[in-house]
Amino acid sequence: MKVIVIGGDGYCGWATALYLSERGFEVGIVDSLIRRHWDLTLGVDTLTPIAPIRQRVERWHELSGRRIDLFIGDITDYPFVQNFMRAFEPEAIVHFGEQRSAPFSMIDREHAVLTQVGNVVGNLNLLFAIKEFNKDIHLVKLGTMGEYGTPNIDIEEGYITIEHNGRSDRLPYPKQPGSFYHLSKVHDSHNIQFVCRIWGLRATDLNQGVVYGVLTDQTAHDEILVNRLDYDQVFGTALNRFCVQAAIGHPLTVYGKGGQTRGFLDIRDTVRCIEIAVSNPAAAGEFRVFNQFTEQFSVYDLAMMVYRVGSSEGMKIDVQHLPNPRVEKEEHYYNAKNTLLRDLGLEPHCLSDSLLDSLMHFAIRYKDRVDKSQIMPTVTWK
Ligand code: NAD
Ligand code: USQ
């Protein structure tokens, strides 16, 4: 099957492109390389030194004998989208190509607009291109668990059945996102659902939790294939940041009490979930939603896990409770469903088994590259 991976130079996209390539899919990567540009403009960098995309793809070809086609351009540019659709003729499009940081989207008006315009317009262009070129193409779109927010009831997979005044309907689950970034994903979901209804397109919206880990079987082959590890206050997720902070002896930056709970998954499960979604396409006209995470933890749970694993490696680790720069509930109910991907064959990894090899060892190995000025949060929600 021919699969285009949009955002294939990024963290999830790079791991996915190599995994699908090894599994026998014909893979094309589309990326504008804007993420590398944003890192430069913010003065931040991945802890692991990542090679330029052409070098990465060439090395993969040398090692595996498999070619990955490369299309460098921005999906908000419709003629560019038409070009790669004509040249590659994909059967599935996996869409990772968006601005994905909540703090980035909250820096100021400019960053909020950039996030929402880029994400929503890029996604809309893909929808129009699918309609123009081949309505059978299956769109596999990366959404986020953060679209739901933290309601005081169980979170279902995309839809909830509501009884109202004696009548009942299965309706899209209510969304209460917590940043302009998370909101952009809600806007995308609405647009995708609409075109499935009116044009009969087929789409899977993967509401993904926080992804962790650097290692996949394919990126482990060679230093040139290594994936990125973001630890700065804008692009670094809490778990990555805690591991890197532990490695350099910086107290772990828990925002508030650390009662905020989220869904998590190993990058090796991300790539497998994409394979499952692509191999089991949605029906024509179907807007399918899967919650893509495997375990739930609070921020404080994460800090304690890093504390335990780091201490067993001889590190001295302190935890620091900082005033929360975000506006979010300190403590809340959180129980999200995640059975649909397991029903299709996902066999999850556990954080307790992966933390050392897939994160902590990378943090220790590259700790001399840490820029300490990028650790404390400066972006605030108010
Ligand atoms: P990333 O920033 O590492 O990668 C995104 C890639 O998309 C980058 O290489 C960037 O250059 C490219 N890109 C962005 N806008 C583009 C455009 N308009 N045209 C072409 N290319 C563009 O992000 P990631 O962590 O790999 O996340 C990938 C996707 O998964 C995002 O949509 C994100 O919202 C979603 N997601 C990520 C996580 C996570 O924990 N990393 C969790 C849930 C959902
Ligand atoms: N947090 C800390 N200390 C830190 C950094 C963060 O306590 O040093 C807290 C935040 O306040 C938040 C929680 O950790 O409560 C999670 O924050 P995060 O930065 O780890 O993750 P988040 O902003 O939710 O975003 C990440 C990805 C995003 C993806 C999302 C999945 O960057 O692309 O969509 O995870 S989800 O959280 O399920 O929406």
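Predicted, not measured: the structure shown is a model, and the values here were computed from it.

Enquirer: Would you explain unusual backbone geometry in this entry?
Expert: Trans is the prevailing form of peptide bonds, just as negative phi is the prevailing case for residues other than glycine. A positive phi angle, close to 50°, is found at E89, a residue other than glycine. Here E89 shows up in the loop between α4 (78-88) and β4 (92-95). A positive phi is found at N165, a non-glycine position, where the angle reads about 50°. Within the secondary structure, N165 sits in the loop between β6 (159-164) and β7 (167-172). Residue classification places N165 among the exposed residues on the basis of a relative accessible area of 72%.

Enquirer: What should I look at first to understand the sheet that holds strand β13 (residues 295-298) in this one?
Expert: Strands belonging to one sheet form pairs held by backbone hydrogen bonds; the direction of such a pair is parallel or antiparallel. Taken in spatial order, the three strands make up an open sheet running β9-β11-β13, and their pairing is mixed. Edge positions in the sheet fall to β9 (210-212) and β13, since each of these pairs with one other strand and no more. Ignoring strand direction, the axes of neighbouring strands in this sheet form an average angle of 45°. Sheet topology places strand β11 (residues 261-266) next to β13; four bridges connect them, and they run antiparallel. Of the residues in β13, the one forming a bridge with R262 is F297. On the sheet, helix α10 (residues 299-312) packs against β11 and β13 and is oriented at approximately 90° with respect to β13.

Enquirer: Looking at this model, I keep getting lost on the site of ligand 1. Mind explaining?
Expert: What surrounds ligand 1 is a group of 26 residues, the closest being Y11, C12, D31, Y181 and K185. In the model, an oxygen atom of ligand 1 is placed 2.6 Å from a nitrogen or oxygen of the D31 side chain. Protein coverage of the free-state accessible area of ligand 1, which is 820 Å², stands at 96%. Broken down by secondary-structure element, the contributors of at least two residues to the shell around ligand 1 are α1 (11-22), α2 (34-42), β5 (138-144), α7 (180-199) and β9. Looking at side-chain class alone, the shell around ligand 1 contains ten nonpolar, eight polar and eight charged residues.

Enquirer: Before we go on, may I ask you to explain the site of ligand 2 in this structure?
Expert: Around ligand 2, a shell composed of 22 residues is seen, among which R100, T144, Y181, T253 and E328 lie nearest. Note that an oxygen atom of ligand 2 is positioned 2.7 Å from one of the backbone N or O atoms of R100. Take H182: an N or O atom from its side chain is 3.1 Å from an oxygen atom of ligand 2. Contact with the protein chains hides 95% of the accessible area of ligand 2, taken as 740 Å² for the molecule alone. Broken down by secondary-structure element, the contributors of at least two residues to the shell around ligand 2 are α7, α8 (238-248) and β10 (252-255). The leading source of residues in the shell around ligand 2 is β10, at three residues. Here the shell around ligand 2 is composed, by residue class, of eight nonpolar, nine polar and five charged.

Enquirer: What is the right way to read the packing of α8 against α10 from this model?
Expert: The description of two packed helices rests on the angle between their axes and on the distance between the axes. At their nearest, the axes of α8 and α10 sit 10 Å apart, and the two run at 30° to each other. In terms of orientation, α8 and α10 fall into the roughly parallel class. Here α8 and α10 pass one another in a crossing that is right-handed. Mapping the contact onto sequence places A238, L239, F242, C243 and A246 in α8 and V299, L302, A303 and V306 in α10. In the contact of α8 with α10, the residues fall into nine nonpolar, no polar and no charged.

Enquirer: Please explain the sheet that holds strand β2 (residues 26-31) as it appears in this structure.
Expert: Read from one edge to the other, the open sheet built from seven strands follows the order β3-β2-β1-β4-β5-β8-β12, with strand pairing classed as parallel. Bordering the open sheet on either side are β3 (68-72) and β12 (287-292), each of which pairs with just one other strand. Each neighbouring strand pair of the sheet contributes to a mean axis angle of 20°, computed without reference to strand direction. With five bridges connecting them, β2 and β3 associate as parallel partners. Across the sheet, G28 pairs through a bridge with D69, a residue of β3. Along the sheet, α7 contacts β5, β8 (202-208) and β12; its crossing angle with β5, the most-contacted strand, is approximately 150°. Packed on one face of the sheet, helix α9 (residues 267-279) meets β1 (2-6), β4, β5, β8 and β12 and runs near 145° to β5.

Enquirer: Sorry if this is basic, but what is going on with the environment of E132 here?
Expert: Relative to the assigned elements, E132 resides in helix α6 (residues 109-133). You can call E132 partly exposed: its relative accessible area is 43%. Sequence-wise, E132 and L183 are 51 residues apart; in three dimensions their C-alpha atoms are separated by 27 Å. Not counting chain neighbours up to four residues away, the residues in contact with E132 comprise Y78 and Q82. Within the local environment of E132, its side chain forms a polar contact with the side chain of Y78, the two groups lying 2.6 Å apart. Of note is the side chain of E132, whose polar atom sits 3.2 Å from the side chain of Q82.

Enquirer: Help me understand the pattern of salt bridges in this model?
Expert: Proximity of charged atoms lets side chains of opposite charge pair with each other. One pass over the structure, following the stated rule, counts 23 salt bridges. In this structure, R272 and E275 form a salt bridge, with 3.0 Å as the shortest nitrogen-oxygen distance. Highlighted residues: R272 and E275, both in helix α9, separated by three residues, approximately one helical turn. Judged by relative accessible area, which is 26%, R272 ranks as partly exposed. Residue class for E275 comes out buried when judged on its relative accessible area of 7%. For K316, the salt bridge identified is with D318, shortest N-O distance 3.7 Å. Classification of K316 by relative accessible area gives exposed; the value is 67%. The class of D318 is partly exposed, set by a relative accessible area of 42%.

Cut-offs applied
Residues numbered from 1 in each chain as written. Chains lettered and ligands numbered in written order. Predicted model: local features only at pLDDT ≥ 70, side-chain atom pairs only at ≥ 80, totals over all residues. Heavy atoms only, no water. Helix = DSSP H or I, 4+ residues; strand = E, 2+ residues; numbered from the N terminus. Buried < 20%, exposed > 50% of the residue type's maximum accessible area, 1.4 Å probe, protein only. Pairing = 2+ DSSP bridges. Axes fitted to C-alpha atoms, helices over the stretch in contact; angles between N-to-C directions. Contact = heavy atoms within 4.5 Å. Near = heavy atom within 4 Å. Polar contact = N/O pair within 3.5 Å; in protein donor to acceptor, adjacent residues only side chain to side chain. Areas by Shrake-Rupley, 256 points an atom, 1.4 Å probe, with all protein chains shown as cover. Nonpolar A, V, L, I, M, F, W, Y, C, P; charged D, E, K, R; others polar. Parallel < 35°, antiparallel > 145°, perpendicular 65-115°, else oblique. Left-handed = near helix turned anticlockwise from the far one by under 90°. Salt bridge = Lys/Arg side-chain N within 4 Å of Asp/Glu carboxyl O.

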